[in-house]
Amino acid sequence: MEDHRTFFHKYFLLYRPFVSELNRILADYDLHNAQWSIMYYLDMYQSSFSLVELSKHLYVEKPTITRTVMTLLRLGYVEQIPVSDKREKRIQLSEKGKEVASQIRLLLDEYEKSIMEGVSPEEQNLVIQVMDQVRNKIIEKR
């Protein structure tokens, strides 16, 4: 098999079991991967974002972001922030959302560290660099 095919084949073989385990962990909080990606982004940047900004950053269609955010609002994990332009919706993590994100992050840190056991920091950094390069090429070609 050619190197590029092997690379993407290995990526898919890694992705599905990882997301399955992630969803299993998140299920205790009534969440799944798509919802967690929004919470993670809000938590990581400790800021509020518009749904359009989230859509662009996560490369997810706006209607999908809207539906996902509605679920997070219903769960009480995010809150809408009033803005002068009524057409714009800005959200941030609620206090409950911050608490839950912190709890989930601890569980995921434990899981991620366990599956990275035996992979040196240098190897991890190399893979991160390669993933960044591939992602940037994907974005360039859009």
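Residues numbered from 1 in each chain as written. Predicted model: local features only at pLDDT ≥ 70, side-chain atom pairs only at ≥ 80, totals over all residues. Heavy atoms only, no water.

## Some thoughts on the packing of aromatic side chains
Then comes step 1: For the structure shown, the criterion picks out eight aromatic pairs.
Then comes step 2: With centroids separated by 4.8 Å and ring planes inclined at 65 degrees, the aromatic side chains of Tyr-41 and Tyr-45 adopt a geometry described as edge-to-face. With Tyr-41 and Tyr-45 both in helix H2 (residues 33-45) and four residues apart, the pair spans about one turn of that helix.
Then comes step 3: When its relative accessible area of 44% is taken as the criterion, Tyr-45 is described as partly exposed.
Then comes step 4: Geometrically, the ring pair formed by Tyr-45 and Phe-49 is edge-to-face, given 6.1 Å between the ring centres and 75 degrees between the ring planes. (Phe/Tyr/Trp six-rings, centres within 6.5 Å; stacked < 30°, edge-to-face > 60°. Helix = DSSP H or I, 4+ residues; strand = E, 2+ residues; numbered from the N terminus. Buried < 20%, exposed > 50% of the residue type's maximum accessible area, 1.4 Å probe, protein only.)

## Section: the UniProt feature "domain: HTH marR-type" (unreviewed entry) in the protein
Then comes step 1: According to UniProt, the positions carrying the feature "domain: HTH marR-type" (unreviewed entry) are residues 4-136.
Then comes step 2: Span residues 4-136 is 72% helix and 8% strand, its end C-alpha atoms 16 Å apart. (UniProt positions renumbered as here; feature names shortened; annotations may be inferred.)

## Overview of empty space enclosed by the protein
Then comes step 1: The final tally for this structure, using the stated rule, is one cavity of 30 Å³ or more.
Then comes step 2: Leu-51, Thr-66, Val-69, Met-70, Leu-73, Gln-80, Lys-89 and Ile-91 together form the lining of the largest cavity.
Then comes step 3: Looking at the lining of the largest cavity element by element, the count peaks at four residues for helix H4 (residues 62-75). (1 Å grid on protein atoms, 1.4 Å probe; cavity = no way out; pocket = protein on both sides within 12 Å on 5 of 7 lines; lining within 4 Å. Points joined across faces, edges and corners; volume = space filled by probe spheres on them.)

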